[in-house]
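Spelled out from the first residue to the last, the chains are:
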Amino acid sequence: MASIIGHCALGATLGKLLLPERCYWPYWLLAAACAFLPDADVIGFKFHVPYASLWGHRGLSHSLLAAAVVATAVTAVCRIRRTNTTPPLARLWLLLFLATASHGVLDAMTTGGEGVAFFSPFDTERYFFGLRPIAVSPIGVKKFVGEWAARVLRSELEWVLVPCALLLLAQYYTLRLRRPAQAR
């Protein structure tokens, strides 16, 4: 898997890109949380759930169906608790779906593991992308030390964090150019 840093950075970046207004910053954090959420499946290791199982790591929780379910459930809660700073619900659903689905995308770009069950439960095959430049992260905080952690962070810096920063800079300058001259 990619590390929590890469997943959360991509989720927050998607939040800022899709809901750029500053009043929506809590939803940027929510998108970051959704981007990391699929890794809750690692609890299965404690209960001896096989890695390649439907319920195993990178299984159903990493699927597009799970992303749609998460986006729908969280958007429904936001609809019920709607405030004047709740974003348009369709954009919010899209953000939460993309943020949650981004987890599997990053994992499919890593150098290890069993692949990602994008189409689970309908198709249990695990997939990787042809381009796999992100060093696989160890599972567990205690193992995230030393050269392995440094290798993961270097690859995520290059393949996740820098692209996220470039997208945010592009958005900043695009929005700045769109503002009327008096507002600058």
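Treat the numbers as computed from the prediction; the structure is a model and nothing was measured.

Undergrad: Quick rundown of the environment of Trp55? Include the residues and the values.
TA: Along the polypeptide, Trp55 turns up in the loop between helix H3 (43-46) and helix H4 (64-80). The residues contacting Trp55, other than those within four sequence positions of it, are Asp41, Val49 and Leu60.

Undergrad: Summarise the pattern of salt bridges; cite the residues concerned and give the values.
TA: Taken as a whole and judged by the stated rule, the model has two salt bridges. A salt bridge links Arg58 to Asp107; the nearest nitrogen and oxygen atoms lie 3.5 Å apart. On the criterion of sequence distance, the pair formed by Arg58 in the loop between H3 and H4 and Asp107 in helix H5 (residues 89-107) is long-range, its members being 49 residues apart. Judged by its relative accessible area of 0%, Arg58 is buried.

Undergrad: Let's hear about the side chain of His62: which residues, and what values?
TA: Relative to the elements of secondary structure, His62 occurs in the loop between H3 and H4. Given a relative accessible area of 3%, His62 falls into the buried group. Among the polar contacts listed, one links the side chain of His62 to the side chain of His103, at a separation of 3.1 Å.

Undergrad: Explain the packing of aromatic side chains residue by residue, including any values.
TA: Under the criterion given, the structure shown has seven aromatic pairs. Both rings, one in Tyr24 and one in Tyr27, keep their centres 6.3 Å apart while their planes meet at 75°; by these two values the pair is edge-to-face. Here the two residues Tyr24 and Tyr27 agree in accessibility, since each one is buried. By the ring-pair criterion, three or more aromatic residues cluster together here, those being Phe118, Phe119, Tyr127 and Phe129.

Criteria and cut-off values
Residues numbered from 1 in each chain as written. Predicted model: local features only at pLDDT ≥ 70, side-chain atom pairs only at ≥ 80, totals over all residues. Heavy atoms only, no water. Helix = DSSP H or I, 4+ residues; strand = E, 2+ residues; numbered from the N terminus. Contact = heavy atoms within 4.5 Å. Salt bridge = Lys/Arg side-chain N within 4 Å of Asp/Glu carboxyl O. Buried < 20%, exposed > 50% of the residue type's maximum accessible area, 1.4 Å probe, protein only. Polar contact = N/O pair within 3.5 Å; in protein donor to acceptor, adjacent residues only side chain to side chain. Phe/Tyr/Trp six-rings, centres within 6.5 Å; stacked < 30°, edge-to-face > 60°.

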